[in-house]
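Each chain, written out:
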Amino acid sequence: AHIWPTWGEYDIIEGVHERTNVMTSLHTTEDCDQHKASEPSRRQWMQTPDGFDATNCNHVAVGQFENQGCSQVGPNGSIGSTFNRGGGGTFAAEWDPDG
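Residues numbered from 1 in each chain as written. Predicted model: local features only at pLDDT ≥ 70, side-chain atom pairs only at ≥ 80, totals over all residues. Heavy atoms only, no water.

### Topic: the state of the cysteines
How we decide: Any cysteine sulfur atom paired with another within 2.5 Å is treated as part of a disulfide. Numbering goes from the N terminus for both helices and strands, where a helix is a DSSP run of H or I of at least four residues and a strand is a run of E of at least two. We call a residue buried when its accessible area falls under 20% of the maximum for its residue type, exposed when it is over 50%, and partly exposed in between, using a 1.4 Å probe and counting protein chains only.
Under the criterion given, the structure shown has one disulfide. Residue cysteine 57 pairs covalently with cysteine 70 via a disulfide, S to S 1.8 Å. Its S-S torsion of approximately 75° makes the covalent link between cysteine 57 and cysteine 70 right-handed. Taken together, the residues span a long stretch of sequence, with cysteine 57 in the loop between β2 (21-27) and β3 (70-76) and cysteine 70 in strand β3 at a distance of 13 residues. Take cysteine 57: its relative accessible area is 0%, and that puts it in the buried class. The class of cysteine 70 is buried, set by a relative accessible area of 3%. Summary of cysteine pairing: cysteine 32 is not part of a disulfide, and the nearest cysteine sulfur, belonging to cysteine 57, is at 3.6 Å.

Spelled out as structure tokens, the structure:
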């Protein structure tokens, strides 16, 4: 049986409430911190309640919203009604456990 979040959760397309920016998120247990992810200038992270980048993927990370994990934010209009009016699109992800 899969006991969440022991094996983690990878949300390729995640939207919250009325947001117009898609998020790609990881929800894990401890020891999954993305603060050293390569190409940081090309990423926009969701913010913590205190306005810092939420790069700790632990679903109970101190200083982050409950179950926040680490989420990268896509461009405006990448989810929701604007995205739908534009004809939608295709999302893809690659899972590589070896890095």
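### A closer look at unusual backbone geometry
Geometrically, the link from tryptophan 4 to proline 5 is a cis peptide bond, its omega value of 0° lying close to zero. Considering the arrangement of structural elements, one finds proline 5 in the segment before β1 (9-14). Of note, the phi angle at histidine 17 is positive, near 50°, even though the residue is not glycine. Tracing the sequence through the fold places histidine 17 in the loop between β1 and β2.

### A short note on the sheet that holds β2
Note the threshold: Following DSSP output, two strands are said to pair if at least two bridges run between them. Angles run from 0 to 180 degrees between N-to-C directions of axes, and those axes are lines fitted to C-alpha atoms, restricted for helices to the stretch in contact.
Spatially, the three strands line up as an open sheet ordered β1-β2-β3, and their pairing is antiparallel. A strand with exactly one partner marks an edge of an open sheet, and here the two such strands are β1 and β3. Across the sheet, the mean angle from the axis of one strand to that of its neighbour is 10°, orientation sign disregarded. The sheet contact formed by β1 and β2 spans four bridges and is antiparallel. Paired with glutamate 14 across the strands is methionine 23, a residue of β2.

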